[in-house]
Amino acid sequence: MRAIELNLFVSRIEAICDEMGAALRRTSFSPNIRERLDFSCAVFDVTGELCAQAAHIPVHLGSMAYAMRDIVNSLQWHAGDMVIVNDPFLGGTHLPDVTLIAPVFVHQRLIAFVVNRAHHADIGSASPGSMPVSTHLDEEGMVIAPSFLARENILDQALLDSLCAATSNVREARGDFAAQISANRIGAKRLGELVGNLGIASFFDGLNELNDYAERLARSTLGAIPDGVYRFSDLMDDDGQGNTDIVIAAEITVSGGNIDVDFGGTALQVAGNINCPLSVAAAAVYYVFRCLMPAQTPACAGAFRAISLRAPLGCLLNARRPAAVAAGNVETSTRVVDVIMGALAQALPDQIPAASHGSMNNLAFGARGPGAAWDYYETIGGGMGAGASGGGLDALQTHMTNTLNTPIEVLELRFPLRVLRYQIRRASGGAGRRAGGDGIVREFQFLQPTSATILSERRRHAPWGLAGGGSGLCGRNRHNGVDLPGKVCLQLSAGDRLCIDTPGGGGWGAGESEQPCSVNHRRHRSYLASRGRIGDKTMNRPLLLVVLLLVNGWLTGCAAMVATGVANPSVADARSRAETQSDAEITNHINSMLVRDADIPAMDVRVSTYRGVVTLRGHVTSRSVVERTLRLVNSVSGVRSVKNRLTY
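Treat the numbers as computed from the prediction; the structure is a model and nothing was measured.

Describing the sheet that holds strand 13 (residues 374-378)
Here's step 1: Read across the sheet, 4 strands follow the order 13-12-16-19 without closing on themselves; strand pairing throughout is antiparallel. Looking at the sheet topology across the chains shown, the edges are occupied by strand 13 and strand 19 (487-492). The average undirected angle you get between the axes of adjacent strands in this sheet is 10 degrees.
Here's step 2: Bridge count for strand 12 (residues 362-367) against strand 13 is 5 bridges, and the pairing is antiparallel. In the strand pairing of strand 13, Gly366 is matched with Asp375.

Here is the structure:
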């Protein structure tokens, strides 16, 4: 293939993953998938090697890339088959992450697999949210070995019924499984169409060239790392079962662009649930090195050919069955990232940032009872570590998670709770010439008795700084103002408050800060304005509700007038007040209008705004949809210009 043809080939495969993700999001039932986007989609070749992935969850897809080969080569596949699995020791990560795998046949020949993985807040654990402070795999929910959910397009209804029956909300579980099935069917259809247009031989040639190209880019990047042996270690706070200061150690050997990562100094597996299978550790390693590569590097197996890793069987990062692993996927993976980056900082001091908040700050809660069962799970962001080129950003997800926060309005509508505070945790970022980013304060009040679980890290050991920069503040968990451990299950009464203060990021460089925390706070003030508070100034909740209703009515009317071609007289006036519209408000307005417009079909349009300049990315169905989307976006108050990156 010529360079342009290869670029188009890569884009077309990635677009299939994007469309799978759009279908999964739009048809799912649970807020965890629909709102937080806790899912991933990918394409694998016939041997189980990664071909393409959407920009979804790094810990999902890195682990799938490491484990798919064993799964696909152990089964006999037919057109219309679909396999379901969540077993962490057979290619999974932890039990809530359920993976569906579907083969793609063209002219009765197996040519690839489409895969999606989604986090189910209820996977049958006795603990709401299915993220208990556990000591055994079976305590974390139902374990699904690789099983055929469909055979030649015939759904195994008995298996599906048994999976849903193990949950407390059968309707929601069935809807999410149906969404995953639909996403794979769409992916298989689109990939079949692509291969039909190219031809099978040309498709396989394209995959070979794709991997070779990715390998060349990767080796060029890795070859720039000075040869040598680099060592670093860091500590997990605890395992929730009394074991503390648990070591994760790595020795990275760089030789001529080849990377070998040895976790030989890591602690043995523990009683608690911070253990993980080797596939999760691999995901973290791949992620760090992928971040060093050029942005255009395809996310495929070729990009990781120069990287090898190993960890002793029975250690924290290569645990034996039936070790508990619920927090390994979310907390230990994040610490592995810190360890790899700490080692590489010795070789690339101007490229590696300080430690970010270092925890997904997992919070799961819900209730059990006839007709009143509910589950919710979320990860909460924190401060980003600073680097040589700039200060850390405030209040966002970093590294191994890539989810959104569930909107407060959705939480309060769906569940018996209130969000009292959602704001930046001022001055929690580490000091230094480049200040670390600030964390988040998120406080809930529960309106009925609720069970809650917190799985968090960096409550004892702070995110470290680099080049003389200071550490970020440790996180803090509180129940009615009383401090809680980092990992805890508790029963909440009606009226109880639960507050999570997430860690800040480490600072970079010694000396007086050029990027003080107050600047970070102002820069991201609108990104995480609290529910009921803006900064530290209390806002009357009834007044806030009125304002939200008025804004909602304005958006609905605006979308209706644009859809009928009627000019909106308020738009011109609103544009004169563009400087008062925050980037977050603009993004929210656009997302609301796209959802309400019936003429825009289900798709995945990602919206980002910076200083009034809106960038649109994603894959839609036609040029007319692109044009309609642009018209809607240009009608939103505060939009200065639009960068169109949509494909169709």
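Re unusual backbone geometry
Here's step 1: In this structure, the amide linkage connecting Arg321 to the following residue, Pro322, adopts the cis form with an omega of 5 degrees.
Here's step 2: Mapped onto the fold, Pro322 is located in the loop between strand 11 (307-310) and helix 8 (328-347).
Here's step 3: Positive phi, close to 55 degrees, is recorded for His107, a residue that is not glycine.
Here's step 4: With respect to the helices, strands and loops of the structure, His107 is situated in the loop between strand 4 (97-106) and strand 5 (109-119).
Here's step 5: According to the relative accessible area criterion, His107 is exposed, its value standing at 73%.
Here's step 6: Positive phi, close to 50 degrees, is recorded for Asn361, a residue that is not glycine.
Here's step 7: You can see Asn361 is positioned in the loop between helix 8 and strand 12.
Here's step 8: We classify Asn361 as buried; its relative accessible area is 1%.

What about the sheet that holds strand 11?
Paired through backbone hydrogen bonds, the strands of a sheet run either parallel or antiparallel to each other.
Here's step 1: Taken in spatial order, the 4 strands of this open sheet run 8-9-10-11, and their pairing is mixed. For this open sheet the edge positions go to strand 8 (228-238) and strand 11, each flanked by a neighbour on one side alone. The average angle at which neighbouring strand axes cross in this sheet is 20 degrees, direction not considered.
Here's step 2: As defined by bridge partners, strand 8 adjoins strand 9 (residues 244-255) across 10 bridges and the pair is classed as antiparallel.

Topic: the confidence of the model for the chain
Here's step 1: This prediction gives the chain a mean pLDDT of 86; 87% of its residues lie at or above 70.
Here's step 2: Across residues 515-580, where pLDDT falls below 50, the model places 100 contacts with residues more than four positions away in sequence or in other chains.

Side note on helix 7 (residues 278-292)
Here's step 1: Across its 15 residues, helix 7 extends 22 Å between first and last C-alpha, which sits within 8% of the 21 Å expected from 1.5 Å per residue.
Here's step 2: With 13 of 15 residues buried, helix 7 lies mostly within the body of the structure.

Focus: the packing of aromatic side chains
Here's step 1: All chains considered together, the criterion is met by 13 aromatic pairs.
Here's step 2: Relative to Tyr376, the ring of Phe365 lies with its centre 5.4 Å away and its plane at 40 degrees, an arrangement referred to as tilted. Linking Phe365 in strand 12 with Tyr376 in strand 13, this pair joins segments that are 11 residues apart in sequence.
Here's step 3: The ring of Phe148 is capped by Arg151, whose NZ or CZ atom sits 3.5 Å from the centre of that ring.

Rules behind the numbers
Residues numbered from 1 in each chain as written. Predicted model: local features only at pLDDT ≥ 70, side-chain atom pairs only at ≥ 80, totals over all residues. Heavy atoms only, no water. Pairing = 2+ DSSP bridges. Helix = DSSP H or I, 4+ residues; strand = E, 2+ residues; numbered from the N terminus. Axes fitted to C-alpha atoms, helices over the stretch in contact; angles between N-to-C directions. Buried < 20%, exposed > 50% of the residue type's maximum accessible area, 1.4 Å probe, protein only. pLDDT = per-residue confidence, 0-100. Contact = heavy atoms within 4.5 Å. Expected span 1.5 Å × (residues − 1). Phe/Tyr/Trp six-rings, centres within 6.5 Å; stacked < 30°, edge-to-face > 60°. Lys NZ or Arg CZ within 6 Å of the ring centre and 35° of its normal.

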